[in-house]
Amino acid sequence: MLKPMDMQEFWNERYNQKEMIYGAEPNEFFRQQLEQLSPGSMLLPAEGEGRNAVYAAQQGWQVQAFDYSAVGREKALQLAAQQQVRIDYQLTDAEHYKSAPAQFDAVALIYAHFPPALRQRLHGQVTQWLKPGGVLVLEAFHPRQLAYTSGGPKAEAMLYTAGMLQGDFMQLRIELLQEQEVRLNEGPYHKGAGYVTRLVARRPSTS
């Protein structure tokens, strides 16, 4: 497994091309879930080139995003300018991003893959960052993705099962949890059949 600095260099190099490597359109599951929500404040960790952040802003959300790739952030801000929307995009990583509790109406983790210890820590923080009644939307590759050629981490420890996410988000009320094969069409790096885990969960409202 690559070290954090090596990973940062990897992503800067991958994003350093003219085309949007995962496309300019939002993730389809993310788009579908946003159709069911009223706009508010949203956080998008590990947002890369900004396709989901820009789409959410177009739908009226106040968007905060972060990633440790300076190249990804630059492309995201360019896309936002082209679409005439504003996103607050911080250059940081999941280990160092800070937010006060109960700040966001929604958090979306779209292919935000991390090593186990960091994943558990971030997912615990996500639970706290959601407002009461706030919604988490997650799509990530399942370990079965290792048998596919449509993208994703090559280390099984970086891939997510439904049981794993149930454990990580025990404090949330799960509304949807699926493991399934899908057809990806998200730029050249997410293309073809793939196997994903999807989660929608809500922080219980306080009485």
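Residues numbered from 1 in each chain as written. Predicted model: local features only at pLDDT ≥ 70, side-chain atom pairs only at ≥ 80, totals over all residues. Heavy atoms only, no water.

### Overview of the pairing of strand E3 (residues 88–91)
Right, on to step 1. Judged from the four bridges that link them, strand E2 (residues 62–67) and E3 form a sheet pairing that is parallel. Across the sheet, residue Asp 67 finds its bridge partner in E3, namely Leu 91.
Right, on to step 2. Crossover connection from E2 via helix H4 (residues 70–82) to parallel E3: handedness right-handed. (Pairing = 2+ DSSP bridges. Helix = DSSP H or I, 4+ residues; strand = E, 2+ residues; numbered from the N terminus. Right-handed = clockwise from strand over helix to strand, strands pointing away.)

### Brief notes about the packing of aromatic side chains
Right, on to step 1. On inspection of all chains with the given rule, the structure shows five aromatic pairs.
Right, on to step 2. Taken together, a centroid distance of 6.2 Å and an interplanar angle of 65° make the contact between Tyr 22 and Tyr 189 edge-to-face. Of this pair, Tyr 22 sits in the loop between helix H1 (4–15) and helix H2 (28–34) while Tyr 189 sits in the loop between strand E6 (173–186) and strand E7 (190–202); the two residues are 167 residues apart in sequence, bridging distant segments of the chain.
Right, on to step 3. Each ring, one from Tyr 111 and one from Phe 141, has its centre 4.6 Å from the other, and the planes form 40°; the classification is tilted. In this pair, Tyr 111 is assigned in the loop between strand E4 (104–110) and helix H5 (116–129) and Phe 141 in strand E5 (residues 130–141), connecting sequence segments 30 residues apart.
Right, on to step 4. We classify Tyr 111 as buried; its relative accessible area is 12%. (Phe/Tyr/Trp six-rings, centres within 6.5 Å; stacked < 30°, edge-to-face > 60°. Buried < 20%, exposed > 50% of the residue type's maximum accessible area, 1.4 Å probe, protein only.)

### Regarding the pattern of salt bridges
Right, on to step 1. Using the criterion set out here, one finds nine salt bridges in the structure.
Right, on to step 2. Between Arg 31 and Glu 28 there is a salt bridge; the shortest N-O distance is 2.2 Å. Taken together, the residues Arg 31 and Glu 28, both in helix H2 and three residues apart, mark about one turn of the helix.
Right, on to step 3. What makes Arg 31 partly exposed here is its relative accessible area of 23%.
Right, on to step 4. Each of Glu 28, Arg 31 and Glu 35 takes part in one network of salt bridges that share partners. (Salt bridge = Lys/Arg side-chain N within 4 Å of Asp/Glu carboxyl O.)

### Topic: the nonpolar core
Right, on to step 1. Residues Phe 30, Met 42, Leu 44, Trp 61, Val 63 and Ile 87 are the most contacted members of the largest nonpolar core, which totals 33 residues.
Right, on to step 2. The element contributing the most residues to this core is helix H3 (residues 51–58), with five residues.
Right, on to step 3. Membership of the second largest hydrophobic core comes to 22 residues, among which are Leu 43, Val 126, Tyr 160 and Ala 201. (Core = buried A, V, L, I, M, F, W, Y, C linked by side-chain atoms within 4.5 Å.)

### Describing the sheet that holds E5
Right, on to step 1. Spatial ordering of the open sheet is given by E3-E2-E1-E4-E5-E7-E6, a layout of seven strands whose pairing is mixed. Of all the strands in the sheet, the pair left with one neighbour each is E3 and E6. If you compare each strand with its neighbour and ignore which way they point, the axes differ by 15° on average.
Right, on to step 2. Here E4 runs beside E5; their pairing, made up of six bridges, is parallel. In the sheet register, Val 107 faces E5, and the bridge partner there is Leu 136.
Right, on to step 3. In this fold H3 packs onto strand E1 (41–45), E2, E4 and E6, with an angle of close to 170° to the strand it touches most, E2. (Axes fitted to C-alpha atoms, helices over the stretch in contact; angles between N-to-C directions. Contact = heavy atoms within 4.5 Å.)

### Observations concerning the side chain of His 123
Right, on to step 1. Structurally, His 123 can be placed in helix H5.
Right, on to step 2. Among the polar contacts listed, one links the side chain of His 123 to the side chain of Asp 168, at a separation of 2.8 Å.
Right, on to step 3. Ignoring sequence-local partners within four residues, the contact set of His 123 consists of Leu 109, Leu 138, Tyr 160, Leu 165, Asp 168 and Phe 169. (Polar contact = N/O pair within 3.5 Å; in protein donor to acceptor, adjacent residues only side chain to side chain.)

### So, the side chain of Asp 168
Right, on to step 1. Relative to the assigned elements, Asp 168 resides in helix H6 (residues 162–168).
Right, on to step 2. Of note is the side chain of Asp 168, whose polar atom sits 2.7 Å from the side chain of Arg 119.
Right, on to step 3. Residues within four places of Asp 168 in sequence aside, it is in contact with Arg 119, Gln 120 and His 123.

Everything listed here is a matter of geometry and, on its own, says nothing about what the molecule does.
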